[in-house]
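Reading the structure
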Amino acid sequence: MPFSNSSDLSPSFILASIPGLEAAQSWMAIPLCSAYILALAGNCAVLLVVRAEPSLHAPMYFFLCMLAAIDLALATATVPRVLSFYWFDSREISFAACLLQMFLIHTLSAVESTVLLAMAVDRYVAICHPLRHAAVLTNRATAKIGLLALARGVLFFLPLPLLLLPLPFCGPRLLSHSFCLHQDVMNLACANTTPSVVYGLTAILLVMGLDAVLICLSYVLILKAVLRLAAWRERLKVFSTCIAHVCAVLAFYVPLIGLSVVHRFGKGLAPLVHIIMGNIYILVPAVLNPIIYGVRTKQIQRRILSLI
């Protein structure tokens, strides 16, 4: 029987368990918990190092701090709830909590995408217009970009839970992941979801899709500028300043695209694939970004080693 979400805020959705491994879920949660602890330690270390190292008080590293804060918030909005499910068999999540978690995941992902675009623009200006870099990307401009990224994410993805709020839901209400995503929750509605489908796809294309196109365009312009240099050694030296950002972009967009493909075309896939892709989407950027920038930035390396 369908139920009304506006009047029934009791535990409403059932989180997906690992198929065939329900008895061993407490052990399977150990790698997830380890990755979460690594993400917390790495991103907190980045924030502390950038704050303590005056030589890192520059737009590129302020953007890196934004990435670290977003990854911390995104992982904390999902992983503790997943661990409580795996360790304490708390499978049910209320409709209100599910909508809040869904809003946080999609909004923070949009903010991260915008920050990655801003970092690409920073690299473009630094390489193609180095004399204007200090004047264009000031600390004040960087702070404004961060606020704009947050506002953009909220404005574009706030309607998603609002569109789901009046819909009735039927059946067992079993999710495909251990947390709530828009398309996953929307597929459980026993009503017309066309407005939600259209808006969700439009929001993703106008935010993540547009950002990906602009990031690619910025790197086309960067490559053109690099190839104008005469010496190969100079070309490699200039482009090496972009390697960390390219890796961060891949760490964000590859899991995002993989999860989208699984949702759109993977209805016949095993449930384990959905769960693994969801966990990769949440944790891979949070774990990899501090490692990528720690390896590529000598100041961060030295400061972390001194702290250790």
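Not measured: the values here are computed from a predicted model.

What counts, and where the lines are drawn
- All chains use their own residue numbering, which begins from 1 and follows the written sequence.
- Since the coordinates come from a predicted model, pLDDT governs what is reported: local features require at least 70, and pairs of side-chain atoms require 80 or more to be given and counted, while whole-chain, interface and lining totals use all residues.
- Where side-chain values are given, they derive from all heavy atoms of the structure, hydrogens and water being excluded.
- Strands are runs of DSSP state E lasting at least two residues, helices are runs of H or I lasting at least four, and both sets are numbered from the N terminus onward.
- In this treatment the radius of gyration is a C-alpha quantity, and the globule benchmark scales as 2.2 Å times the residue count to the 0.38 power.
- Only protein chains enter the calculation, and the probe is 1.4 Å; a residue is then buried if its accessible area is under 20% of its type maximum, exposed if over 50%, and partly exposed in between.
- In what follows, residue pairs with any heavy atoms lying within 4.5 Å of each other are defined as contacts.
- For the area figures, the Shrake-Rupley method with a 1.4 Å probe applies, and any residue is considered shielded solely by the protein chains shown.
- Put simply, a disulfide is two cysteine sulfurs that come within 2.5 Å.
- The term nonpolar core refers to a set of buried residues drawn from Ala, Val, Leu, Ile, Met, Phe, Trp, Tyr and Cys, joined through side-chain atoms within 4.5 Å.
- To count toward a patch, a residue needs a relative accessible area above 30% and no salt bridge. Like charges then connect within 9 Å, nonpolar side chains (Val, Leu, Ile, Met, Phe, Trp, Tyr) within 5 Å.
- Each reported salt bridge corresponds to a side-chain nitrogen of Lys or Arg within 4 Å of a carboxyl oxygen of Asp or Glu.
- UniProt positions are given in the numbering used here, feature names are shortened, and annotations may be inferred rather than shown by experiment.
- Take the residue count of a helix, subtract one, and multiply by 1.5 Å to get its expected span.

Okay, the overall build of the protein chain next. Helix and strand content of the protein chain: twelve helices and two strands. For 308 residues, the compact-globule formula gives about 19 Å, and the C-alpha radius of gyration of the protein chain, at 21 Å, lands near that figure. Along the first, second and third principal axes, the C-alpha set of the protein chain runs to 70 × 45 × 35 Å. A buried classification covers 46% of the 308 residues belonging to the protein chain. Put simply, of all contacts in the protein chain between residues at least 6 apart along the chain, 80% involve residues at least 24 apart. Accessible surface, the protein chain as shown: approximately 15,100 Å² in total, 72% of it carbon and sulfur.

This paragraph deals with the state of the cysteines. Going through the model one piece at a time under the given rule, you end up with one disulfide. For C128, which is in no disulfide, the shortest distance to another cysteine sulfur is to C242 and amounts to 8.8 Å.

Our focus in this paragraph is the nonpolar core. Counting 83 residues, the largest nonpolar core has F13, V115 and L116 as its most contacted members. Sort the elements by how many residues they give to this core and helix α2 (residues 59-88) lands first, with 16 residues. Sequence-distant contacts of V115, that is, excluding residues within four places in its chain, are made with F63, M66, L67, I70 and A149.

This part covers a nonpolar patch on the surface. A cluster of nonpolar side chains, L210, L214, L217, V220 and L221, forms an exposed patch at the surface whose accessible area comes to about 380 Å². With respect to the element layout, L210 can be found in helix α8 (residues 194-227).

Taking the numbering used here, the UniProt-annotated feature "transmembrane region" (unreviewed entry) corresponds to residues 27-49, 61-87, 93-121, 142-165, 197-222, 243-266 and 272-295. Here residues 93-121 runs as 93% helix and 7% strand, with 40 Å between its end C-alpha atoms.

Relative to the elements of secondary structure, A29 occurs in helix α1 (residues 25-52). Along the primary structure A29 and W87 are separated by 58 residues, whereas in three dimensions their C-alpha atoms are 7.3 Å apart. The residues contacting A29, other than those within four sequence positions of it, are L83, Y86 and W87.

A few words now on helix α10 (residues 243-265). Along its 23 residues, α10 runs 32 Å from first to last C-alpha, staying within 8% of the 33 Å computed at 1.5 Å per residue. All of the buried residues along α10 are A244, H245, A248, V249, A251, F252, Y253, P255, L256, L259, V262 and H263. Of the surrounding secondary structure, the elements contacted by the buried residues of α10 are α2, α3 (95-128), α7 (182-186), α8 and α11 (271-296).

With that settled, the discussion passes to the side chain of H106. For H106, the location among the structural elements is in helix α3. The class for H106 is buried, based on a relative accessible area of 13%. Once residues lying within four places of it in the same chain are set aside, the contact partners of H106 are F157, L160, L181, H182 and M208.

Turning to the pattern of salt bridges, a few remarks are in order. Per the stated rule, a full pass over the model turns up two salt bridges. Of the charged contacts in the structure, one is a salt bridge between R123 and D122, with a shortest N-O distance of 2.9 Å. Like R123, the residue D122 is buried in the burial classification. Among the salt bridges present, the one from D211 reaches R152, with a minimum N-O distance of 2.9 Å. You can see D211 sitting in helix α8 and its partner R152 sitting in helix α5 (residues 139-157), a full 59 residues away along the chain. One exposure class covers both D211 and R152, and it is buried.

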